[in-house]
Amino acid sequence: MRLFPVLMKSLLLVCTMAFAMMAVAQVDVFDFETAEQEERFRQLANEFRCPMCQNANLTHSTGGVAADLRREIYNQIIDGRTDEEIEQFMLDRYGDFILYRPRLTVQTILLWFGPALFFIIGIWVVFGIIKRSAANSRGNEEDQGAETAAAGSEDLTADEQARLDRLLADKLANNPSTDDDSSDDSRR
Amino acid sequence: MIPELGNFSLILAFALSILLGIFPMVGAARQNQLWMGLARPLTAGVFVFLSISLAILAYSFVTDDFSVQFVANHSNSMLPLRYKLTAVWGGHEGSFLFWTWMLGGWMLAVAIFSKSMPTEFVARVLSIMGLISVGYTLFMLATSNPFDRALPLSPADGADLNAALQDFAFIIHPPSLYMGYVGFSVVFAFAIAALISGRLDSAWARWCRPWANAAWAILTLGLSLGSWWAYYELGWGGWWAWDPVENPPLITWLLGAAMIHSLAATEKRGVFKSWTVLLAIMAFASSLLGTFITRSGLLTSVHAFASDPTRGVYILGFLGLIIGGSLLLYAIRAPILKSEFGFGGWSREVFLLANNLILVVASAAILLGTLYPMVYQAVTGGDLISVGPPYFNTIFLPLVGILVLLLGVGPVARWKKTSRAYLIKQLSKVAIAALVIGVALPVLLTLGVPLTTIIVTVLACWVIFSLLRDLQSKIANKPDVWSGLKSLPVSYWGMQLAHFGFVMTMAGGCLTSIYSVEKSVLLDPGESAELGRYTFVFEGIEPVQGPNFIADEASIEVLRDGVYFRHLYPQKQLYTASNTPATHMGIDGRFFRDLFVTLGDARNQGAWSMTLYIKPFVRWVWIGTIFIAAGGILAVTDKRYRRFKVRQVQRAAPVTNKDSQPVVEG
Amino acid sequence: MKNLKLYIPVFAFLLLAVFMWRGLYMDSRTLPSTLIDRELPEFELRTLGEGDQLVSNTDLPDEPFILNIWGSYCLPCLQENPIFMSAREQGLVPIVGVNYKDRDNLARDWLDINGNPFTMNIVDDSGRYGIDLGVYGAPETFIVDADGVIRYKHIGTINYQAWEDEIMPVVRELQSAHAASASASSGQSS
């Protein structure tokens, strides 16, 4: 009875705290020996995920572990460890979850090469369409079935269409800027 | 009593949606004029009852009615009025009601602005939207009712609105985002109506375009506002995190952009018909997917509402029905939609295809990255990986680069057939100018050879110069520049404005990533720190009192080149009701760069840690989106979309003869 | 056939929907431990209440034991305490505590008030050892075998259900394996 609102409120508190964590920017003040070290620190802290937060990198988390891990990265940079060593350190303890840039393994090949694969498939499809379209005569004769209204200006007969094309081609060759068809376009 | 009325109103909206989903649709199939005629009144009814529900929820907030659970969870008596009102969408249940109300709004708009469309078509469109509304209202009534009461023991005061949401941007970002996001249901309904009727002609495309462009332009603004808000709310200068909840609206935006380009070709040339329909379905699907991801707890995100698998299952079921059903309908009916063909190798159609290719690949890639951790976990039996900004940036940026490259050529290409020689003739000088200036500018300004910057400036110059060149060639034979510019159609200006905005956003985003600097310092009062040409003097801390928070406010004097520039007042806040901290940065935002300070913590003896930031060009990201949205809207204010009083011609059944007649002029 | 290609979107979507349905019931927040079947990381830290004397891995029990990460600030740890106390009273299994990012006096007070179920309490006030363990917040619990190899990790509060269904079965299995190998080696030596 009384317990329920209290529980709800604390649950809510936890949830809002989790979100509100993000609204509080944290500030570490570390002393670096060189600007390059500071840059490395920022890059690394950006690439590691905070293990306890709701999806934030180490730079942008206020969680306790995040602060500890940032300090650890700082210490290791000062100690002279390389980026790879630091990354391996994190991997050994927290697993792949902690890397925002997934490692390339057998299981992530589809992830990393998927987009390129999509692109290649897409190019293949597009070329197929272009080839098919160029092979077709303009004004598809098979355009029937559900077609009822005119599609643009294809309400001309084939002869008229050919004449129009010739005229347009002439105009194109002589004076491209007066091609009304394209100036009236609204490609958006 | 009143919240119960709100609930009842919601039930009525649900009931009317069911009627709307059934009768006009069946009426269209049977040519029953009466049933088809019910579409508009039923739509109005749905909208009215949704509005009443929403108004009552808002009323409950304003009157501090903490017996309503949702109000108790997201409000507080000390909350300023404007946030009490906007807290309506500060949590899952209320925001979903708001979302549904937006759908009602779009439905009403379609009902009003559809006089030039055949009754049958309008009936189908509104029915489809009614069916969507059925799903949404049922979801609320079954799993997420904002009017649930917290009786018998309602809290004396509420838990307060999340501190991060008590901000001006929260007043405008969700409304615009939802409005755009939900707007894609209109084009979706148009597409399904086309599939059902088997009819998709240039008239359809002409009706469709204003709706598509409007939804997309508003979504542009919604996304942009979200980005801007994250930027100044979170305090570390980031404006896009590739978060699993941010990505779906971006996917919708990309697919929407592909769709409006494809639609342009369908309207002008009668091509890509079934592809446009598929895009419309996919764009809407991605908006439903976004709803699902945000509200089901499927993916971990800072933005996600409290997760609940039951809700997730429901939304997934709804998703499955609507999208699975639409895609099945597409597979079956698409062959009926015959497109024109007959365009050549370098025609504008081809460049639009390329545009679509890139946008769709980008969408697919972002979806892949967003859902991959989930798939990985399922397939490996429990291992977790993370896919974050490093992945998305690596994949997305090259695609954008290619897109921008094509953007310089596409608008110059002619419909149907363009000779390569023509393109070269038009653009060779543009290319050279872009290379020269694009390289010279960064080299001279930075006295170095920053390769990434050069790529950005060359590409930006390429598009802008191409834009100018196209402008120039179009007004070349007009008597003077002014009459030439006036002669260009509004839609042309819309296109160029939007493209320009896109380049501005991309350039701003890339350059700010390259040139932003920041520095974390620990300062005693009186101490100063330098960053770039600016000196920041920490003058001291003062406690301030807000309406529902207390804060420590720092006074920072900023000098530029040693000369006084201005003061900044960053705050470290504590919201008393919820006991949550927040930061408020002190920011100087200008066109060419932003300057800001974020407070950290108090350390020993009055010293405070803080971070100083200089972010060049970051405003371009959002200013560019304003141009994009403006251009998108402008492109469809053309007269040919606004002829309402036209003679309607009814068609009894699809015509199969070869003769085609112009049906509707304009 | 062209028509078959049109069915690709539907099937792709259905596949996606199946994954997402499964995904709803997966817990994507609890990190699986990378230390399973690996030796407990080395440490040399002081203990709670024994002054500045340092202990290390060699001071850990020679039998299977439980390693519990806790702090006086941690509310769920309070909920686990009775279960651990009863385990101690029954002599079921030794429980070693790691007092994580806490303050000695607060920790000692907590133990005084609530009872001390730990045979030994290692102090990790900086959280550095927690990093080696892959800890990201108390409470977390490891089950370690007699050779110092981590065999199981439980993240979050251990309630009675978890204790009976998850923890104790592993503990018993390790204990019987340990007893078996102990008797085997003692059998050999005679």
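Residues numbered from 1 in each chain as written. Chains lettered and ligands numbered in written order. Predicted model: local features only at pLDDT ≥ 70, side-chain atom pairs only at ≥ 80, totals over all residues. Heavy atoms only, no water.

- The name that an unreviewed UniProt entry assigns to chain C is Thiol:disulfide interchange protein, with the source organism given as Pseudohongiella nitratireducens.
- Taken verbatim from the UniProt record of chain C, the Sequence similarities (unreviewed entry) comment is "Belongs to the thioredoxin family. DsbE subfamily."
- If you open the UniProt record of chain C and go to Subcellular location (unreviewed entry), you find "Cell inner membrane". (UniProt positions renumbered as here; feature names shortened; annotations may be inferred.)

- Looking up chain B in an unreviewed UniProt entry gives the name C-type cytochrome biogenesis protein CcmF, with the organism given as Pseudohongiella nitratireducens.

1. Describing the state of the cysteines
Here is step 1 of the chain: Evaluation of the coordinates by the stated rule reveals two disulfides over all chains.
Here is step 2 of the chain: Sulfur-sulfur distance for the disulfide between C50 of chain A and C53 of chain A comes to 2.1 Å. Its S-S torsion of approximately 65 degrees makes the covalent link between C50 of chain A and C53 of chain A right-handed. Of the two residues examined, C50 of chain A and C53 of chain A, each falls in the buried class.
Here is step 3 of the chain: At a sulfur-sulfur separation of 2.1 Å, the disulfide partner of C74 of chain C is C77 of chain C. Judged by the sign of its S-S torsion, about 90 degrees, the cystine formed by C74 of chain C and C77 of chain C is right-handed. Accessibility assignment for this pair places C74 of chain C and C77 of chain C in one class, buried.
Here is step 4 of the chain: The structure places no disulfide on C461 of chain B, whose sulfur is separated from the nearest cysteine sulfur, that of C510 of chain B, by 14 Å.
Here is step 5 of the chain: Taking relative accessible area as the criterion, C461 of chain B reaches 10% and is therefore assigned buried.
Here is step 6 of the chain: Of the residues examined, C510 of chain B reaches a relative accessible area of 23% and is grouped as partly exposed. (Disulfide = S-S within 2.5 Å. Buried < 20%, exposed > 50% of the residue type's maximum accessible area, 1.4 Å probe, protein only.)

2. A short note on the pairing of strand β4 (residues 549–560) of chain B
Residue and element names in this part refer to chain B.
Here is step 1 of the chain: As paired strands, strand β3 (residues 534–545) and β4 are joined by eleven bridges and run antiparallel to one another. Looking across to β4, one finds that P543 is bridged to D552.
Here is step 2 of the chain: Counted along the chain from β3 to the antiparallel partner β4, the turn is three residues long.
Here is step 3 of the chain: Where β4 lies against strand β6 (residues 571–575), five bridges are found, and the strand directions are antiparallel. Each bridged residue has a counterpart across the sheet, and for E553 the counterpart in β6 is Q571.
Here is step 4 of the chain: The pairing of β4 with strand β5 (residues 563–568) spans five bridges and is antiparallel. Its bridge partner being in β5, I556 is matched across the sheet by L568.
Here is step 5 of the chain: The turn joining β4 and β5, which pair antiparallel and follow one another in sequence, is formed by two residues; a positive phi near 55 degrees is taken by D561. (Pairing = 2+ DSSP bridges. Helix = DSSP H or I, 4+ residues; strand = E, 2+ residues; numbered from the N terminus.)

3. Thoughts on the side chain of R40 of chain A
Residue and element names in this part refer to chain A.
Here is step 1 of the chain: Summarising the element assignment, R40 is placed in helix α2 (residues 35–47).
Here is step 2 of the chain: In this structure R40 comes out as buried when scored by relative accessible area, which is 19%.
Here is step 3 of the chain: Beyond its immediate chain neighbours, meaning those up to four positions away, R40 contacts I77, R81, T82, D83 and I86. (Contact = heavy atoms within 4.5 Å.)

4. A short note on the sheet that holds strand β3 (residues 65–70) of chain C
Residue and element names in this part refer to chain C.
Here is step 1 of the chain: The five strands lie next to each other as β5-β4-β3-β6-β7, forming an open sheet whose pairing is mixed. Sheet topology places β5 (120–124) and β7 (150–155) at the edges, where each strand pairs with a single neighbour. Neighbour-to-neighbour, the strand axes of this sheet turn through a mean angle of 20 degrees, independent of strand direction.
Here is step 2 of the chain: Here strand β4 (residues 95–100) runs beside β5; their pairing, made up of five bridges, is parallel. Note on β5: the bridge partner recorded for V98 is I122.
Here is step 3 of the chain: Taken strand by strand, helix α3 (residues 75–90) contacts β3, β4 and β6 (140–144), and its axis lies near 155 degrees from that of β3. (Axes fitted to C-alpha atoms, helices over the stretch in contact; angles between N-to-C directions.)

5. A look at the interface of chain B and chain C
Here is step 1 of the chain: Each side of the interface is counted separately: chain B has 31 residues, and chain C has 22 residues.
Here is step 2 of the chain: Of the roughly 2300 Å² buried where chain B meets chain C, counting both sides, 79% is carbon and sulfur surface.
Here is step 3 of the chain: Where chain B meets chain C, there are zero salt bridges.
Here is step 4 of the chain: Counting only elements with at least two residues in the side of chain B that touches chain C, the list comes to α11 (273–296), α12 (309–333) and α13 (348–380) of chain B.
Here is step 5 of the chain: Top contributing element to the side of chain B that touches chain C by residue count: α12 of chain B, with 13 residues.
Here is step 6 of the chain: Within the side of chain B that touches chain C, the residues separate by chemical class into 23 nonpolar, seven polar and one charged. (Buried area = accessible area lost by both parts, 1.4 Å probe. Salt bridge = Lys/Arg side-chain N within 4 Å of Asp/Glu carboxyl O. Nonpolar A, V, L, I, M, F, W, Y, C, P; charged D, E, K, R; others polar.)

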